[in-house]
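Now for the letters of each chain:
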Amino acid sequence: MALHRGLHNWSPVWPGHGIRILPGPSSLWFDALGRRLPAPCLPGYDTLGTLRHLRTTADLAEHDHSWFVLTQKIIEKEFALSGSEQNPDITAKDRRAFLRDRVLGKGAPAPVEAFKQHGADFVVAATLEELVSKMNALTAEPLLDAASMRRQIQARDLQLANPYSKDAQVQGIRNSRRYLGDRLGRTAAPHRLLDPAAGPLIGVKLHVLTRKSLGGIQTDLNSRALRPDGTPLPGLYAAGEVAGFGGGGVHGYNALEGTFLGGCLFSGRAAGRAAAQATAS
Ligand SMILES: Cc1cc2nc3c(=O)[nH]c(=O)nc-3n(C[C@H](O)[C@H](O)[C@H](O)COP(=O)(O)OP(=O)(O)OC[C@H]3O[C@@H](n4cnc5c(N)ncnc54)[C@H](O)[C@@H]3O)c2cc1C
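Here's the deal with the site of the ligand
Thought 1: Looking at the ligand, the residues that line it are Ser82, Arg211, Lys212, Gly240, Glu241, Gly246, Gly258, Thr259, Phe260, Leu261 and Cys264.
Thought 2: Contact distances for the ligand include 2.6 Å between an oxygen atom and a side-chain N or O atom of glutamate 241.
Thought 3: One of the backbone nitrogen or oxygen atoms of leucine 261 is found 2.7 Å away from an oxygen atom of the ligand.
Thought 4: Considering the ligand on its own, with 1000 Å² of exposed area, one finds that the protein chains cover 35% of that surface.

Next up, the structure:
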């Protein structure tokens, strides 16, 4: 299963190690040619739909990346990175560190700041023109036009002054902040991206990342592995990701993020029960 929000890990655990961003709603998402993605291809929305858009739009076929443009204010609140080593406060169940760094904190959480400083996909600049020039330096040829990106960002920024804005992303930011948990720890207060007080500006180059296998071993409801002709292979059981429960499985192809472990555990329990029953009989 692939998605389009991967970064090169600046401190890889294995060769080619990519890290996935779990973004809040405020970063502006541009394609490789500098066009803002259409709704619902927004950060944190339809992951597979966005991947489809970026990989099937004709003039994007040869470009394997897209861009987030955001501010320091956004990265401090909205950038979470996937993986246990990127979330030491959660992994250690350290509530105080979680509150300090993610809710009350000044500055981005340490693992995010490390990516900002060392990551090959991050550029930081005080002005949009400087930012775009640094973004262009990360591709073989300069594909982005600063004036066009400025127009698009200004158009978005203007929508903040309109309480009835139809800009889907602005609506999404406002919606997200109606929930107290997201307002406190996950969604930056709406602000103009080109407001220097919210800066510096940050550009992040995003890549396609493969993340989970959709499995390969077909099973029945007792997690017995099936042969190509659909009959069980005696004594062989398959559970979890290898049987299609790590993204897909019981929750379907567009399964909601975070629902994979449940299916893995459930299919493991079915396999264990069936194996015990088979041994007993
Ligand atoms: C970064 C990341 C974040 C995720 N976050 C979430 C989340 O928030 N919520 C959620 O629900 N799901 C999440 N998932 C998905 C979920 O964690 C996996 O789908 C699930 O852990 C898969 O469990 P599994 O037991 O099927 O496979 P695995 O956990 O991959 O276990 C397979 C085991 O087999 C071992 N193995 C492989 N080959 C051999 C061999 N030849 N001999 C012996 N042992 C072998 C491996 O070392 C491994 O320990 C995430 C996945 C990733 C990668």
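Now, onward.
Regarding the domain arrangement of the chain
Interfaces are often sized by the amount of accessible area the parts lose when they come together.
Thought 1: Segmenting the chain into domains produces domain 1 (2-210) and domain 2 (224-280).
Thought 2: Placing a centre on the C-alpha atoms of domain 1 and another on those of domain 2 gives a separation of 35 Å.

Some points on the nonpolar core
Thought 1: The biggest cluster of nonpolar side chains holds 40 residues, and the ones touching the most others in it are Phe79 and Val204.
Thought 2: With near-sequence residues (within four places) excluded, valine 204 lies in contact with Leu7, Ile21, Ser66, Trp67, Phe68, Leu70, Phe79, Asp121 and Phe122.

Describing unusual backbone geometry
Thought 1: A cis geometry characterises the amide bond from alanine 39 onward to proline 40, with omega recorded as 5 degrees.
Thought 2: As for its placement among the helices and strands, proline 40 is situated in the loop between β3 (28-31) and α1 (47-56).
Thought 3: The backbone of lysine 93 shows a phi angle near 50 degrees, a positive value even though the residue is not glycine.
Thought 4: Checked against the element boundaries, lysine 93 lands in the loop between α3 (88-91) and α4 (95-103).
Thought 5: Relative accessible area serves as the criterion here: at 76%, lysine 93 is assigned to the exposed category.
Thought 6: Unusually for a residue other than glycine, serine 223 sits at a positive phi of about 60 degrees.

Rules of the game
Residues numbered from 1 in each chain as written. Predicted model: local features only at pLDDT ≥ 70, side-chain atom pairs only at ≥ 80, totals over all residues. Heavy atoms only, no water. Near = heavy atom within 4 Å. Polar contact = N/O pair within 3.5 Å; in protein donor to acceptor, adjacent residues only side chain to side chain. Areas by Shrake-Rupley, 256 points an atom, 1.4 Å probe, with all protein chains shown as cover. Domains from an automatic or database assignment. Core = buried A, V, L, I, M, F, W, Y, C linked by side-chain atoms within 4.5 Å. Buried < 20%, exposed > 50% of the residue type's maximum accessible area, 1.4 Å probe, protein only. Contact = heavy atoms within 4.5 Å. Helix = DSSP H or I, 4+ residues; strand = E, 2+ residues; numbered from the N terminus.

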